[in-house]
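Observations on chain architecture
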Amino acid sequence: MLKSPMARAVVLFLAFLALTFGLVIWKAAANRAVLCEVCMVYRDGRACREAYGPTAEEATRTATDNACALLAAGMTASIACQNTPPESVNCR
């Protein structure tokens, strides 16, 4: 069938790429068990963000981090924002 070593290498490489791509898609879909929306108020700003996660706790944490990324400038402010209780959390 494939007589050339180069042709075999190309087929094996493409099969490897397809398997890797499929695994990445499968793992990403597995992490989408829970969707949470978190609204944060920090200093004079307010931001709401949604995030998926395997658990409500992880989805809430990710949404909090994303909202604080918009509200805080610098590492100290980001940490302070992330340690602020959310205004609201809605998980589905």
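Read on for an overview of the structure. Nothing here was measured: the structure is a model prediction, and the numbers come from that model. (Residues numbered from 1 in each chain as written. Predicted model: local features only at pLDDT ≥ 70, side-chain atom pairs only at ≥ 80, totals over all residues. Heavy atoms only, no water.)

Details of the pairing of strand S2 (residues 45-53)
The sheet contact formed by strand S1 (residues 34-42) and S2 spans nine bridges and is antiparallel. Across the sheet, Val34 pairs through a bridge with Gly53, a residue of S2. Taking the residues between adjacent antiparallel strands as the criterion, S1 and S2 are bridged by two residues, where Arg43 takes a positive phi near 55°. (Pairing = 2+ DSSP bridges. Helix = DSSP H or I, 4+ residues; strand = E, 2+ residues; numbered from the N terminus.)

Observations regarding a nonpolar patch on the surface
On the surface, a nonpolar cluster with roughly 630 Å² of combined accessible area is contributed by Met6, Val10, Phe13, Leu14, Phe16 and Leu17. Summarising the element assignment, Leu17 is placed in helix H1 (residues 5-30). (Patch = residues over 30% accessible without salt bridge, like charges linked within 9 Å, V, L, I, M, F, W, Y side chains within 5 Å. Areas by Shrake-Rupley, 256 points an atom, 1.4 Å probe, with all protein chains shown as cover. Salt bridge = Lys/Arg side-chain N within 4 Å of Asp/Glu carboxyl O.)

A look at the nonpolar core
Listed in full, the 11 residues of the largest apolar core are Val38, Met40, Tyr42, Ala47, Ala51, Ala63, Ala67, Cys68, Ala72, Ala77 and Cys81. Of all the secondary-structure elements, those providing two or more residues to this core are S1, S2, helix H2 (56-71) and helix H3 (75-82). Among all residues touching Ala63, those that are not within four sequence positions of it are Cys36, Val38, Arg49, Glu50 and Ala51. (Core = buried A, V, L, I, M, F, W, Y, C linked by side-chain atoms within 4.5 Å. Buried < 20%, exposed > 50% of the residue type's maximum accessible area, 1.4 Å probe, protein only. Contact = heavy atoms within 4.5 Å.)

Overview of unusual backbone geometry
One non-glycine residue with positive phi stands out, namely Arg43, at about 55°. The exposed category is assigned to Arg43, whose relative accessible area is 65%.

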